[in-house]
Amino acid sequence: MIIAGDVALGQKGMRLTIPEELTKKPWLVNLEGSLVKDGERYISINGVFNDYSAIQELQSRINLSAVSLANNHILDAEPMNVSLANLKELGLPSIGVGNNLKEAGNTVEIGKYTFISFGWECIECPQAGENKEGVNPYNKEHVLGSVRQMLHEGKKVICFFHWNYEFELYPQPYDRELAHQLIDEGVYAVIGAHAHRVQHIEMYKGHPIVYGLGNFMFSRKTFFNHRLDFGDRSKEEIAFEIKEDGTFAVHKFEYSHENNEVKYIGSETLLPESRGNATYENMTSEQYVQFFKKNRSQKKLLPIFYYNDSTITYSAKCKFIALRGWALSQMVKIGAKSQER
């Protein structure tokens, strides 16, 4: 079972160079944005989407078994029901969204694993409600409640999160502590996406926490009327494999805008007793907070989230991020800031 990061294909034609043996294994990816037909007519919108024929083309290259839709662009181009109907035509199960909160918490079983997906409201993932379409909410009470029920039913759970800030290299203290708690409770693996750059892998009690997969197949200079680009920080990509024998593999890729290609670079095996590549792997929560304060990448008026934040504090931080995002969007509109992230 291979899990990869953000897929946003506004048009057909992106090349994927990959060993044949990897294409035959089941894949799950984050499908960033609405899934639409005739993608060309959506190019001018201020949003991200996937073209139906481009995803068909991807299906012809790899054994795409399911997709997560729990992301901040899922409603950019069309309402939820459009994407869900198009996925049904393609025969692709999805997780992480629904017409209400119950549906958003749906799961998919691939082999012996059960996947569930969540998206963070503070990065504009539209939250599902009792009678409102949207994304399965990423907050610790909802996540833990959902997972505990699944574990009670005897499922081997893998959590897929859309979290953290774009281009942040290190996990928020909130995210790291929740990931640890989930493993403590019995979750098999925790996988993250959204930052558009590869983050670290932490092996915790023999189980992997992949904080950020980076992009996988994401068209550059296509979205937001050909303005959206991520620069060299997003060239490196990984896909994470959970093998039937209980071992893991990190498959490394590199994106080339010039060749419109995602190219396989190599693979590395991880054993349950292996160390990850996170320098903070053995830090306590308190030690990590100090490490994050000193080393985090994104410091410009972006608050830090702590596991013990009160509901009021957490909400206030989210509202501040929304206000900051609105201000930046206005700067883009008047040309005071480029669309490059």
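Given the structure is predicted, the values throughout are model-derived calculations rather than measurements. (Residues numbered from 1 in each chain as written. Predicted model: local features only at pLDDT ≥ 70, side-chain atom pairs only at ≥ 80, totals over all residues. Heavy atoms only, no water.)

Student: Report on the environment of G47, specifying residues and quantitative values.
Tutor: Mapped onto the elements of the fold, G47 is located in the loop between β4 (34-36) and β5 (49-51). Using a relative accessible area of 0% as the deciding quantity, one classes G47 as buried. In this structure the C-alpha to C-alpha distance between G47 and D76, which are 29 residues apart in sequence, comes to 5.1 Å. Residues within four places of G47 in sequence aside, it is in contact with D76, F223 and F224. (Helix = DSSP H or I, 4+ residues; strand = E, 2+ residues; numbered from the N terminus. Buried < 20%, exposed > 50% of the residue type's maximum accessible area, 1.4 Å probe, protein only. Contact = heavy atoms within 4.5 Å.)

Student: So what's going on with the packing of helix α6 (residues 173-185) against helix α8 (residues 285-295)? Which residues, and what values?
Tutor: The relative placement of two packed helices is expressed as an angle between their axes plus a distance between the axes. Look at α6 against α8: their axes get within 10 Å of each other, and the N-to-C directions meet at 150°. Taken together, the axes of α6 and α8 lie roughly antiparallel to each other. Here the hand of the crossing between α6 and α8 comes out right-handed. Contact residues: P173, R176 and E177 in α6; S285, Y288, V289 and F292 in α8. (Axes fitted to C-alpha atoms, helices over the stretch in contact; angles between N-to-C directions. Parallel < 35°, antiparallel > 145°, perpendicular 65-115°, else oblique. Left-handed = near helix turned anticlockwise from the far one by under 90°.)

Student: Summarise unusual backbone geometry; cite the residues concerned and give the values.
Tutor: Excluding glycine, residues mostly carry a negative phi; peptide bonds, for their part, are mostly trans. The phi dihedral of D38 falls on the positive side, at around 60°, and the residue is not glycine. Here D38 lies in the loop between β4 and β5. Within the chain, N225 stands out as a residue other than glycine whose phi angle is a positive 55°. Following the sequence through the fold, N225 ends up in helix α7 (residues 223-226).

Student: Report on empty space enclosed by the protein, specifying residues and quantitative values.
Tutor: Per the counting criterion, the structure on display carries one cavity of 30 Å³ or more. Its boundaries defined by the atoms lining it, the largest cavity holds a volume of some 30 Å³. In terms of lining, the largest cavity is formed by N30, S68, A70, S117, F118, F160, F161, H162 and A193. Those elements that provide at least two residues to the lining of the largest cavity are β10 (113-119) and β12 (157-162). Taken together, the residues of the lining of the largest cavity break down into five nonpolar, four polar and no charged. (1 Å grid on protein atoms, 1.4 Å probe; cavity = no way out; pocket = protein on both sides within 12 Å on 5 of 7 lines; lining within 4 Å. Points joined across faces, edges and corners; volume = space filled by probe spheres on them. Nonpolar A, V, L, I, M, F, W, Y, C, P; charged D, E, K, R; others polar.)

Note that every value here comes from positions in space, so none of it alone points to a role or purpose.
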